[in-house]
Amino acid sequence: MGRRPGAPELPLDVRRRVEGLTSSAVAVEAVLDALPFPTLLIDAEGTVLLANPAWEAAADVLDDDRVRLGIDGNYFAMARRLGDDPGTHALIDRLRALSRGECASVQADYAFPHREGTRWFHLQASRVDQAGQVVVTHTDVTSRVRAERASDWRARHDTLTELPNRAHLHELIDAELQRPERGPVCVLFLDIDGFKDVNDSLGHEAGDELLRQIAGRLTGSTRAGDTVGRLGGDEFVVLCRDCDITGAQALADRCRAGIDRAFDLGGRLVRLGVSIGIATAEDTRRLRATDLVRDADLAMYAAKRAGRNRVRLFTADLRTAAQRRVTLATELREAILDDQLVLHYQPIMYLPSRRCTGVEALVRWQHPERGLLPPAEFLPTAAQHGLLTPLARWVLRTASRQAAEWARGGLHLVTGVNISAGHLSTGTLVRDVLDALTEAQLPPEQLVIELTETSVAEDVERAAAQLAELRRSGVEVCIDDFGSGFSSLGQLVSLPTGILKIDRSLVAFPAGRRSQAAAAIAAVVALGRACGVRSLAEGVETAEQLELAAELGCVLAQGFHIARPMPADELVGWFAAQPRPAPVAG
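Given the structure is predicted, the values throughout are model-derived calculations rather than measurements. (Residues numbered from 1 in each chain as written. Predicted model: local features only at pLDDT ≥ 70, side-chain atom pairs only at ≥ 80, totals over all residues. Heavy atoms only, no water.)

## Digging into the overall build of the chain
On a plain count of helices and strands, the chain comes out with 22 helices and 22 strands. The long-range fraction of contacts in the chain, counting pairs at least 24 apart against all pairs at least 6 apart in sequence, stands at 63%. Accessible area for the chain stands at about 28500 Å²; split by element, carbon and sulfur atoms hold 51% of it. (Helix = DSSP H or I, 4+ residues; strand = E, 2+ residues; numbered from the N terminus. Contact = heavy atoms within 4.5 Å. Areas by Shrake-Rupley, 256 points an atom, 1.4 Å probe, with all protein chains shown as cover.)

## Let's talk about the packing of helix α10 (residues 289–305) against helix α11 (residues 316–338)
At their nearest, the axes of α10 and α11 sit 10 Å apart, and the two run at 85° to each other. By the angle between their axes, α10 is roughly perpendicular relative to α11. Note on element contacts: α11 touches α10 through Leu-318, Arg-319, Ala-322 and Arg-325, opposite Arg-294, Asp-295, Leu-298, Ala-299, Ala-302 and Arg-305. When the residues that make up the contact of α10 with α11 are grouped by side-chain class, the tally is five nonpolar, no polar and five charged. (Axes fitted to C-alpha atoms, helices over the stretch in contact; angles between N-to-C directions. Parallel < 35°, antiparallel > 145°, perpendicular 65-115°, else oblique. Nonpolar A, V, L, I, M, F, W, Y, C, P; charged D, E, K, R; others polar.)

## Quick word on the sheet that holds strand β1 (residues 39–42)
Strands belonging to one sheet form pairs held by backbone hydrogen bonds; the direction of such a pair is parallel or antiparallel. The strand order across the open sheet formed by five strands is β2-β1-β5-β4-β3, and the pairing between neighbours is antiparallel. Only two strands of the sheet have a single partner each, and these edge strands are β2 (48–51) and β3 (105–112). Averaged over all neighbouring strand pairs, the angle between strand axes comes to 20°, with direction disregarded. Bridge count between strand β4 (residues 119–127) and strand β5 (residues 134–140): seven bridges; the pairing is antiparallel. From the neighbouring strand, Ser-126 faces β5, where its bridge partner is Val-135. Sheet strands touched by helix α2 (residues 53–62): β1, β2, β3, β4 and β5. Its angle to β2, the strand with the most contacts, is close to 85°. With respect to the sheet, helix α4 (residues 86–99) is in contact with β3, β4 and β5, its orientation differing from that of β3 by roughly 155°. (Pairing = 2+ DSSP bridges.)

## Focus: the state of the cysteines
If you walk through the whole model with that rule in mind, you get zero disulfides. With no disulfide partner, Cys-186 has as its closest neighbouring cysteine sulfur the one in Cys-243, 4.8 Å distant. (Disulfide = S-S within 2.5 Å.)

## Some points on the pairing of strand β14 (residues 355–367)
The buried count for β14 comes to ten of 13 residues, which makes it a mostly enclosed element. The sheet contact formed by strand β13 (residues 341–350) and β14 spans ten bridges and is antiparallel. Considered in β14, the bridge of Tyr-350 is made with Arg-355. Here β13 folds back onto β14 in antiparallel fashion, the turn holding four residues, of which Arg-354 has a positive phi close to 55°. (Buried < 20%, exposed > 50% of the residue type's maximum accessible area, 1.4 Å probe, protein only.)

## Focus: the layout of surface pockets
Approximately 490 Å³ is the volume found for the second largest pocket. Lining the second largest pocket are 29 residues, with Tyr-75, Leu-82, Leu-91, Tyr-110 and Ala-111 sitting closest to its centre. Sorting the residues of the lining of the second largest pocket by element identifies α2, α3 (75–82), α4, β3 and β4 as the ones contributing at least two each. For the lining of the second largest pocket, the per-class residue count stands at 22 nonpolar, four polar and three charged. (1 Å grid on protein atoms, 1.4 Å probe; cavity = no way out; pocket = protein on both sides within 12 Å on 5 of 7 lines; lining within 4 Å. Points joined across faces, edges and corners; volume = space filled by probe spheres on them.)

## Concerning the sheet that holds strand β11 (residues 273–281)
Strand order in the open sheet formed by five strands is β7-β8-β6-β11-β12, and the pairing between neighbours is mixed. In the strand order of this sheet, the two ends are held by β7 (227–232) and β12 (311–313), each with one partner. Sheet twist, expressed as the average angle between the axes of neighbouring strands with direction ignored, equals 20°. When β7 meets strand β8 (residues 235–240), the two strands line up antiparallel, connected through five bridges. For Gly-232, the partnering residue across the bridge sits in β8 and is Glu-235. Against the sheet, α10 engages β6 (185–193), β7, β8, β11 and β12, with an angle of about 140° to β11.

## Some thoughts on unusual backbone geometry
Phi at Asp-72 is positive, roughly 80°, even though this residue is not glycine. Following the sequence through the fold, Asp-72 ends up in the loop between α2 and α3.

## Examining the packing of aromatic side chains
On inspection of all chains with the given rule, the structure shows six aromatic pairs. Their ring planes at 90° and their centres at 5.7 Å tell us that Trp-365 and Phe-378 sit as a pair that is edge-to-face. Taken together, the residues span a long stretch of sequence, with Trp-365 in strand β14 and Phe-378 in the loop between β15 (371–373) and α12 (379–384) at a distance of 13 residues. You can call Trp-365 buried: its relative accessible area is 0%. Ring pairs connect the aromatic residues Tyr-110, Phe-112 and Phe-121, which therefore count as one cluster. A cation over a ring is seen here: Arg-217 above Phe-263, with NZ or CZ 3.7 Å from the ring centre. The cationic tip of Arg-564 hangs over the ring face of Phe-560; the distance from NZ or CZ to the ring centre is 4.0 Å. (Phe/Tyr/Trp six-rings, centres within 6.5 Å; stacked < 30°, edge-to-face > 60°. Lys NZ or Arg CZ within 6 Å of the ring centre and 35° of its normal.)

## Here's the deal with the confidence of the model for the chain
Taken as a whole, the chain shows an average pLDDT of 88; of its residues, 90% reach a score of 70 or greater. No element of the chain has a lower mean pLDDT than helix α18 (residues 489–494), at 62, and none a higher one than β13, at 97. Confidence over residues 1–22 falls short of pLDDT 50; this stretch has 48 contacts with residues more than four positions distant or in other chains. (pLDDT = per-residue confidence, 0-100.)

## Quick look at the nonpolar core
Leu-341, Tyr-345, Val-433 and Ile-449 are the most contacted members of the largest nonpolar core, which totals 78 residues. The dominant element in this core, judged by the number of residues it contributes, is helix α13 (residues 388–408), at nine residues. If you look at the next biggest cluster of nonpolar residues, it comprises 30 residues, including Leu-190, Phe-195, Leu-272 and Ile-276. (Core = buried A, V, L, I, M, F, W, Y, C linked by side-chain atoms within 4.5 Å.)

## Considering the environment of Leu-98
Mapped onto the elements, Leu-98 comes out in helix α4. Judged by relative accessible area, Leu-98 falls into the buried class, the value being 0%. Taking the C-alpha atoms as reference, Leu-98 lies 8.9 Å from Ala-44; in sequence the two are 54 residues apart.

## Section: the pairing of β8
Burial analysis of β8 places six of its six residues in the buried class, which makes it a mostly covered element. Because side chains alternate across β8, one face comprises the buried residues Glu-235, Val-237 and Leu-239, and the other comprises Phe-236, Val-238 and Cys-240, equally buried. Pairing analysis gives six bridges linking β6 to β8, with the strands arranged antiparallel. Along β8, the bridge assignment pairs Val-187 with Leu-239. Counted along the chain from β7 to the antiparallel partner β8, the turn is two residues long, and its residue Gly-233 has a positive phi close to 55°.

So this is what it looks like as structure tokens:
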């Protein structure tokens with residue numbers, strides 16, 4: 001390294017004079033030599049005046065003739081050899097401006113394509129004299145850039161499946177929606193049917209492997225220009241570029257076919273379905289990714305409600321219905337607080353005496369504008385928005401106070417209250433029940449807690465512990481809708497239950513099926529009796545059904561044939577008007 005042969009001595013203002021002109025030039029050279037970064041001193045035209053040892057060593061390491069630049073070589077020409085593009089031209093222009101004193105410094109990061117992989121360098125340049133000479137240093141920042149890019153990749157991708165995550169998906173969809181002269185854009189929203197059961201039964205490791213396999217199958221089902229992403233859990237989104245509704249439906253069918261094939265999880269074959277919603281942006285109206293994904297999500301839920309493992313297209317009616325549900329949920333929260341809810345009570349008959357000795361509390365909503373709403377109008381919304389437990393607490397308190405009031409008036413009735421699976425999972429069920437009894441001063445023997453068999457099936461052990469504690473306190477437990485879903489002898493034996501409600505689908509037998517219904521009811525009654533459990537036939541709508549229930553050994557019955565649900569103030573009069581029949585052998 002050294003001064004260019006035949007070049008004039010460096011101007012006085014390159015470095016502060018120490019012992020004279022020659023000493024100043026030597027000092028500049030010594031400073032550059034001491035720098036650990038590859039450094040050049042160039043003039044206004046880009047000609048190299050000095051090159052430090054670090055520059056020469058870097059050129060040897062890179063082993064690339066394009067950067068073997070010594071004294072008298074042209075730095076600007078070298079830069080153009082590395083990348084003859086607008087970015088390089090702009091950098092050269094900035095260095096020229098620096099040489100003319102038009103800016104204080106120049107800094108830039110640039111990529112250096114190399115046969116062993118791209119490397120990145122940070123360039124920093126400063127003007128050192130009035131003649132326009134510039135010192136340019138080059139720092140290898142490859143490790144930093146790779147770390148930053150890896151961090152950025154992790155921030156934009158799901159670590160389990162390596163697919164784009166929610167944030168990156170929205171970025172990609174927004175970019176596509178804003179692309180000039182784009183074609184139609186479709187979004188598929190996919191929710192895996194049955195994934196939770198696999199995750200719960202086989203463990204999270206199996207669940208993770210299943211998600212990776214699902215991601216691979218979805219990616220293999222899409223076109224080269226499509227993007228598959230994972231929102232989280234078992235929810236996936238496919239961005240379909242230049243794709244109309246027909247193409248999106250064909251793609252959805254391929255995705256369903258891919259998921260339909262059995263998955264191999266450590267030797268265990270698992271079959272799943274997938275519910276898919278499709279939303280499209282075929283026109284050029286202003287849309288955002290959040291709008292399109294939300295619409296596809298609404299369509300997916302419509303597919304689930306229609307029976308799962310289906311494809312549903314988004315329509316404006318779905319958005320209207322969703323907005324209506326949100327409004328209804330807000331109003332329901334207020335209704336619980338403002339006592340807009342009311343209870344109707346359906347009598348329950350004790351068959352050996354043919355007298356009604358209990359009631360089931362059934363909630364209604366006295367809506368200020370829509371009038372009296374039945375449960376079907378608002379319970380699904382309550383379930384979707386996490387309101388079933390607050391609703392059940394209100395019913396518990398209200399029904400307990402009413403039962404205590406009836407008892408003070410001489411009418412002693414056992415009152416049944418329905419509880420959801422969500423209430424079991426909160427762990428507060430026992431406390432909520434006992435608080436309601438204490439507040440109302442109602443004996444626990446006058447309260448029955450009713451749960452569906454499917455709700456206790458979610459966590460049988462946890463349910464059993466809470467139900468056992470309730471029964472120890474004196475509160476009876478009833479399993480509702482028995483025979484409608486996942487009934488099993490194992491559950492019946494493990495659950496501390498006193499009453500089984502035989503589902504109305506068995507009791508209300510169709511014409512010509514009396515013998516089959518009788519066999520099913522007899523089996524449930526015998527099963528319950530063997531476990532020390534009484535049977536209640538629900539949905540009794542005819543005299544024939546009532547007689548069959550009594551004949552087969554049911555202890556209790558309820559249904560429209562006996563009485564319809566009625567407000568509390570009507571119930572007292574109804575009971576007073578009932579005859580007192582002679583007991584029937586049972």
